[in-house]
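Topology and contacts: notes
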Amino acid sequence: QVQLVQSGGGLVQAGASLRLSCAASGRTFSSLHMGWFRQAPGKEREFVASIRWNGGYSSTNYADSVKGRFTISRDNAKNTMYLQMDSLKPEDTAVYHCAARDIDTVQYNYWGQGTQVTVSS
C-alpha cells in the first residue's frame, strides 16, 4: 500500500510563502499521479493542483483560484512532491492534503495526514 507523509504548513501573514512536502513510500513514485486538495471550515474539499510524470517531463494542472501563485512539483529520485505557495491570501486558509492515485484510475484513494495552513490578514 501507498503511504503519504506530509510536512510543512503553519501560520503566516497575507503575502507570505509556504512550501508543503509529501513523501511517498510503498510504490514506485513515478507510477502514481499526485495531487493536492484542501478543505476550509464549513466547506467541501476542493482540488488545488495535480502533477503527472510523462516520461521526460511533468504535466501540471491548477485550480483557477491558485493559478499564478502556487506551483506543484515532484522529485522522483526522492519520492517527494511539493506545493510551493506564494502570495498567500486569507482565503487560502485550510487543511491541505496530498493525495495519490494509480495511473489507470480516476479516484484519489491514497491520502496524507493533512497539515494546517492559516493565513492572517
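Read on for an overview of the structure. (Residues numbered from 1 in each chain as written. Predicted model: local features only at pLDDT ≥ 70, side-chain atom pairs only at ≥ 80, totals over all residues. Heavy atoms only, no water.)

Turning our eyes to something else, we now look at the packing of aromatic side chains. This model, assessed by the stated rule, comprises three aromatic pairs. With centroids separated by 5.8 Å and ring planes inclined at 75°, the aromatic side chains of phenylalanine 37 and phenylalanine 47 adopt a geometry described as edge-to-face. Pair noted here: phenylalanine 37 is in strand β4 (residues 32-39) and phenylalanine 47 is in strand β5 (residues 46-53), with a separation of 10 residues, a long-range link. Assessed through its relative accessible area of 12%, phenylalanine 37 is described here as buried. Judged by relative accessible area, phenylalanine 47 falls into the partly exposed class, the value being 28%. Through a chain of ring-to-ring contacts, the aromatic side chains of Phe37, Phe47, Tyr108 and Trp111 assemble into a single cluster. (Phe/Tyr/Trp six-rings, centres within 6.5 Å; stacked < 30°, edge-to-face > 60°. Helix = DSSP H or I, 4+ residues; strand = E, 2+ residues; numbered from the N terminus. Buried < 20%, exposed > 50% of the residue type's maximum accessible area, 1.4 Å probe, protein only.)

Working definition: two side chains of opposite charge can pair if their charged atoms are close together. Per the stated rule, a full pass over the model turns up four salt bridges. Through salt bridges with shared partners, a single network forms among Arg38, Glu46, Arg69 and Asp92. (Salt bridge = Lys/Arg side-chain N within 4 Å of Asp/Glu carboxyl O.)

Another point: the pairing of strand β7 (residues 70-75). Taking every second residue as pointing to the same face, the buried face of β7 carries Phe70, Ile72 and Arg74, while none of Thr71, Ser73 and Asp75 on the other face is buried. Between β7 and strand β8 (residues 80-85), which follow one another and run antiparallel, lie four residues, and asparagine 79 among them has a positive phi close to 55°. (Pairing = 2+ DSSP bridges.)

Time to look at the side chain of histidine 33. Considering the arrangement of structural elements, one finds histidine 33 in strand β4. Residue class for histidine 33 comes out buried when judged on its relative accessible area of 10%.

What you see with strand β1 (residues 3-7) is a clean split: Leu4 and Gln6 sit on the buried side and Gln3, Val5 and Ser7 on the side with no burial. Here β1 runs beside strand β3 (residues 18-25); their pairing, made up of five bridges, is antiparallel. Opposite glutamine 3, over in β3, you have serine 25 as the bridge partner.

Okay, the nonpolar core next. Counting 31 residues, the largest nonpolar core has Leu4, Met34, Trp36, Met81, Leu83, Met85 and Tyr96 as its most contacted members. For this core, the elements supplying multiple residues, two or more each, are β3, β4, β5, β7, β8, β9 (94-102) and β11 (115-120). With residues near it in sequence (within four places) discarded, leucine 4 still touches Cys22, Ala23, Ala24, Met34, Cys98, Ala99, Ala100, Tyr110, Trp111, Gly112 and Gln113. (Core = buried A, V, L, I, M, F, W, Y, C linked by side-chain atoms within 4.5 Å. Contact = heavy atoms within 4.5 Å.)

All right, on to the side chain of serine 50 then. Relative to the assigned elements, serine 50 resides in strand β5. In this view, serine 50 contacts Met34, Gly35, Ser59, Thr60, Asn61, Ile72 and Tyr108; residues no more than four positions away in its chain are not counted.

Right, let's get into unusual backbone geometry. Positive phi, normally seen in glycine, also occurs at asparagine 79, with a value near 55°. Inspection of the secondary structure puts asparagine 79 in the loop between β7 and β8. Since its relative accessible area comes to 24%, asparagine 79 is described here as partly exposed. The phi dihedral of serine 87 is positive, around 50°, even though this residue is not glycine.

Scanning the entire structure with this criterion turns up one disulfide. Between cysteine 22 and cysteine 98 runs a disulfide, and the two sulfur atoms are separated by 2.2 Å. Its S-S torsion of approximately 65° makes the covalent link between cysteine 22 and cysteine 98 right-handed. Of the two residues, cysteine 22 is situated in strand β3 and cysteine 98 in strand β9; the sequence distance between them amounts to 76 residues. (Disulfide = S-S within 2.5 Å.)

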